[in-house]
Amino acid sequence: MSSPEFGPHLEYDGGPDLVQLLTPEGERVEHPEFSFTPPDGQTEAETVRGFYRDMVLTRRIDSEATALQRHGELGLWAQLLGQEAAQIGAGRALRPQDFVFPTYREHGVAYCRGVDPLRLLALFRGVDQGSWDPYAHNFGIYTIVIGAQCLHATGYAMGVQRDGAVGTGDPNRDTAVVAHFGDGATSQGDVNESFIFAASYDAPVVFFCQNNQWAISEPIERQTRIPLYQRALGFGFPGLRVDGNDVLATYAVMQKALDRAREGRGPSFVEAYTYRMGAHTTTDDPTRYRLSNDVERWKLRDPIERVRVYLRRQGLAGQDFFDAVQAEADELGVRLREGCKALPDPDPTSPFNNVFAEMTPELREQRDEFASYMSSFGDEPSHTDYNEHVAGAF
Amino acid sequence: MEKFTLAKALNAGLRKAMEADPKVLIMGEDVGKLGGVFRITDGLQKDFGEDRVIDSPLAESGIIGTAVGMAIRGYRPVCEIQFDGFVYPAYDQIVSQIAKFHFRTEGRVKMPIVIRIPFGGGIGAVEHHSESPEAQFAHTPGLKVVACSNPVDGYWMIQQAIAHDDPVIFLEPKRQYHADKAKVDLDATPDPLFASRVVRAGADATLISYGPMVKTCLAAAEVSAAEGRTLEVIDLRTLSPLDMAPVYESVRRTGRAVVAHEAHLNLGMGAELAARITEHCFYSLEAPVLRAAGFDTPYPPARIEEHWLPDLDRVLDTIDRTFSY
C-alpha cells in the first residue's frame, strides 16, 4: 500500500522529530532531550565562535577547491557546500582517540582531525590516493565505493571492544568510531550489513548519515519510503534526526551518541538532515534534475548565516572577530591555491612500491624493467610529448 | 610422527597461529560451536573464546569488510568463506578494499588478512559449492594467492599466511580435506610460502598443477612411467606471485609443458603460465604449452562433474598430445 501523503521530500523542515537548537533565523531554542554543552574549559560563546570559524574555513576549502578544478588544477572535486554544520558538529564532538571512517566528501571532518586540506587536494588532483596518515589523525582514507567504509568502521569498533577500550570510565581511553555515509549509501548492502554486525556485537560505532537529499541526480524518495532515522529501530538500535544545518544541535546529538558508544552501550544512527547546495561533484549539472526554487529555499537555512546572526544579536562577537575570520580564510585560500599548483607529480615508477608490504620478486622485476625502459629515452622526447606537441599545433 | 588429514592439519595450524599471536582472530559463518561446515575450526572457539573465534552474521561482505576494520585496528583476521561460490558477495571488499588499502595509504595501513576458501569440485555438491575462482584473485594486484595440496603444506602454509603482512587468499582443495593422511613433522623447517616445488622428478615433460589436481598429476606421472615416459610434476603452491624459476628450469630440460587445473580454461592460470613459459623457454620448447582444464561452462550438475573435471584420463590425453608435436 502506498502512502503518497507521506514522503521524505514533503518534510522540507525535517518533520516533527527534528532535533534543533538554533533556528535558521538564529534563535536559540531548547530541546527536552538534548542541550548544548561546551567542551570542558570553554564558554558557550567561545565554542560557538570556534564553530563559526571552522565552518567559514571549511567553506573556503570547498570553494577554493571548486575554483581550482575549474582552472584545471584538480581533476575533480566533491563539494560539501551546505553541509558545513553537519561536519563540524560531528567533527568537533570527537575525542582524540575516536576513529573516523569518511566518504569522499568529509572535508570538514578532515579539517577537524587536523588533516592538511592540501592532502585532500592532492587526491583530487591525481597526485596520490590519500596521503594523510590515518593513524596520526585517527581519520581513515576517503572511500569512494559507496558505503564500503561502514563495514570497516564496524570492524574497527569490534577491535576497540577486544582491546577493552569501551566502558572503562576513562575519558582518555574509551573510544567511539564514526561511520560517515550519505542518503544514497543507505541502499547499499554493505551499509545494511554493517548495521547488522554492529547491532549483533554491540559495537561502539555511530552511523552518521548526512542526508543531503540527493544521490547525484536521484532524490531521497528513490532510496527510502520512510525517514531514514526510523530504519535504525528495525536493526535494533536508536536512530534520530538532527538538523544537519544546525551546528549546535549536531554537536549535542553527536556528543550523546559518541558517549553511548564509548560507554559500551552499542551503536546508534544519526541522520543529519541537510542539503547539498552544490553539485554532486564538479562534473555534475544539478540544473538537469532539480528546481532552483528548492535550492533557494534551502539557502534560507544556511548553516553559517544562522550562527553569524546569533553571534551578532547576542553580542557574542564583534566586527573584529568576523574580520579576523575572513582574513584567515583569505590567507588559507592563498595557501591552498599556491600549494596545490606546487604539488609535484609522483615518480612514474612509484605505483610499484606500495602494492604490498613485502614486494614480490615478479613485481620488482616489472618495476626495474619499466624504470630502465623509462631511462632509455635519455633526453630524447618520448612519443607522449610528441603527441602533445602535435595536438598543440592544431 | 603424527598423521593428519588435510582438515586436521589445517586445524592444528590454525591453533598454532592463534597460540603464537593473540591478535589472530577467526571469523566466519558457523566457525564457532559447529567448527565450520568442514570442521576446520573444530574446537577452537572452546579453547580461545568467542572474542577470538567469531561466529558472524550470514553476510560474506560483512565478514570481509569488518575484517578490514579489525586489521586497521591491528588485528590479524582469518576469514572463512564457507564455499568458493559464496565469495562473490564479498568481491568488492576483497578486490577494491583489501587489495588496495596498503597501496592507497602508501604503506601506512597493512592488511594482514587471510581469506580461507574451500575450492574445487568432485564432492557431489549442489551448485555454487564446487568452483575454482583463483584466477579472479590472482588477477588482482595487491592480493597474494596460494593453494595447498596436502596435509604437510596445509599445516605450515596456513601459519605462514597468517604471519604474513599482506592479504592472502588461501585456497583449500575441499575434496582432499578428509581424503589422505600424511605424517606431519611439527618440528620441521617448512619451505617458504611463496615457492613452487618439484614433487616428482622426470625428464620427458613437465606437468604443472596446484591444489586438488596435484594428486591427479602424480597419478598421471605414475601411469606414464609404466608407459616409459618420465614426467616432472610441479606443485605451484603459490599462484600470485608465481614462482617460475623451478618451472623454467624444468621446461628447459624437458621441452614440453602441460598445465592442469579445475578452473575454466579461458584466462585461467594456465594461460598466464603458457605465456610466461613461451617467453622464457621459447628455444627449448618442442611443443606448445597445453592445458587440461575445466570447460568454459558454468560448473555442471554433480552427476556429470566427473566428465567435466580434468581427470586422470584427460591429463594423460593432454600429455599424449604434447608428444604428438
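Just so it is clear, the model here is predicted, and its values are computed rather than measured. (Residues numbered from 1 in each chain as written. Chains lettered and ligands numbered in written order. Predicted model: local features only at pLDDT ≥ 70, side-chain atom pairs only at ≥ 80, totals over all residues.)

**Some thoughts on the overall build of chain B**
Of regular secondary structure, chain B possesses 11 helices and 14 strands. Structurally, chain B occupies a C-alpha span of about 60 × 40 × 40 Å along its principal axes. Long-range pairs, those at least 24 residues apart, make up 79% of the contacts in chain B with a sequence separation of at least 6. (Helix = DSSP H or I, 4+ residues; strand = E, 2+ residues; numbered from the N terminus. Contact = placed C-beta atoms within 7 Å.)

**Looking at the packing of helix H6 (residues 148-162) of chain A against helix H3 (residues 60-72) of chain B**
Running from N to C, H6 of chain A and H3 of chain B point in directions that differ by 55 degrees, and their axes come no closer than 6 Å. Taken together, H6 of chain A and H3 of chain B sit at an angle that is classed as oblique. For the element pair H6 of chain A and H3 of chain B, the recorded crossing hand is right-handed. Residues Ala148, Leu151, His152, Ala153, Thr154, Gly155, Tyr156, Met158 and Gly159 of chain A of H6 of chain A form the contact with H3 of chain B, whose participating residues are Ser61, Gly62, Gly65, Thr66, Ala67, Val68, Gly69, Met70 and Ile72 of chain B. Tallied by class, residues from the contact of H6 of chain A with H3 of chain B come to nine nonpolar, nine polar and no charged. (Axes fitted to C-alpha atoms, helices over the stretch in contact; angles between N-to-C directions. Parallel < 35°, antiparallel > 145°, perpendicular 65-115°, else oblique. Left-handed = near helix turned anticlockwise from the far one by under 90°. Nonpolar A, V, L, I, M, F, W, Y, C, P; charged D, E, K, R; others polar.)

**Focus: unusual backbone geometry**
Here the amide bond leading from Ser240 of chain B into Pro241 of chain B is cis, since omega sits at 0 degrees, within 30 degrees of zero. For Pro241 of chain B, the position within the fold is in the loop between strand E12 (238-240) and helix H8 (245-254). Even without a glycine there, the phi angle at Asn138 of chain A is positive, about 50 degrees. With respect to the helices and strands, Asn138 of chain A occurs in the loop between helix H5 (134-137) and H6. The backbone of Gln213 of chain A sits at a positive phi, close to 80 degrees, despite the residue not being glycine.

**Description of helix H9 (residues 247-262) of chain A**
Residue and element names in this part refer to chain A. Along its 16 residues, H9 runs 22 Å from first to last C-alpha, staying within 8% of the 22 Å computed at 1.5 Å per residue. In terms of residue burial, H9 counts as a mostly covered element, since 14 of its 16 residues are buried. Gly264 sits one or two residues past H9 and shows a positive phi near 85 degrees. (Expected span 1.5 Å × (residues − 1). Buried ≥ 20, exposed ≤ 12 C-beta atoms within 10 Å, placed from the backbone.)

**Notes on the domain arrangement of chain B**
Residues and elements named next belong to chain B. Partitioning chain B into domains gives domain 1 (3-183) and domain 2 (197-322). Contact residues are listed per partner, giving 24 residues for domain 1 and 22 residues for domain 2. Of all the secondary structure elements, the ones that give two or more residues to the side of domain 1 that touches domain 2 are helix H5 (134-138), strand E6 (144-147) and strand E7 (168-173). At four residues, E6 tops the list of elements feeding residues into the side of domain 1 that touches domain 2. (Domains from an automatic or database assignment.)

**A short note on the pairing of strand E3 (residues 205-211) of chain A**
Along any regular strand, the residues point their side chains to alternate faces of the sheet. All names here are of chain A. For E3, the tally of buried residues reaches seven of seven residues, placing the bulk of the element in the interior. Both strand E2 (residues 177-182) and E3 contribute to a ladder of six bridges, which runs parallel. Of the residues in E3, the one forming a bridge with Val177 is Val205. In this fold, the crossover linking E2 to E3 by way of helix H7 (residues 189-201) has right-handed handedness. (Pairing = 2+ DSSP bridges. Right-handed = clockwise from strand over helix to strand, strands pointing away.)

**Describing the packing of H3 of chain B against helix H4 (residues 91-104) of chain B**
Residues and elements named next belong to chain B. Closest axis-to-axis distance for the H3/H4 pair is 9 Å, and the angle between their directions is 10 degrees. Of the possible angle classes, the one that applies to H3 and H4 is roughly parallel. Considering only the axes of H3 and H4, their crossing is left-handed. Note on element contacts: H4 touches H3 through Asp92, Gln93, Ile94, Gln97, Ile98 and Phe101, opposite Ser61, Ile64, Gly65 and Val68. The class makeup of the residues in the contact of H3 with H4 is five nonpolar, four polar and one charged.

**Description of the sheet that holds strand E7 (residues 268-273) of chain A**
All names here are of chain A. Read from one edge of the open sheet, five strands run E1-E2-E3-E7-E6, paired in parallel fashion. Looking at strand neighbours, the two that pair on one side only are strand E1 (99-101) and strand E6 (239-243), the edges of this open sheet. Neighbour-to-neighbour, the strand axes of this sheet turn through a mean angle of 20 degrees, independent of strand direction. The pairing of E6 with E7 spans five bridges and is parallel. When the bridges of E7 are listed, Gly239 appears paired with Phe269.

**A short note on the environment of Glu222 of chain B**
Residues and elements named next belong to chain B. With respect to the helices, strands and loops of the structure, Glu222 is situated in helix H7 (residues 213-226). The exposure class assigned to Glu222 is partly exposed, which follows from the 13 C-beta atoms found within 10 Å. Distance from Glu222 to Arg200, taken between C-alpha atoms, is 9.7 Å for residues 22 residues apart in sequence.

**Points about the sheet that holds strand E9 (residues 197-200) of chain B**
Residues and elements named next belong to chain B. Ordered by their spatial adjacency, five strands build an open sheet running E9-E11-E10-E13-E14, and the pairing between neighbours is mixed. Since the sheet does not close on itself, it has two edges, and those belong to E9 and strand E14 (290-294), each with one partner. Sheet twist, expressed as the mean angle between neighbouring strand axes with direction ignored, is 25 degrees. Inspection of the sheet shows E9 paired to strand E11 (residues 231-235) by three bridges, in the antiparallel sense. Residue pairing across strands places Val198 opposite Ile234, the latter belonging to E11.

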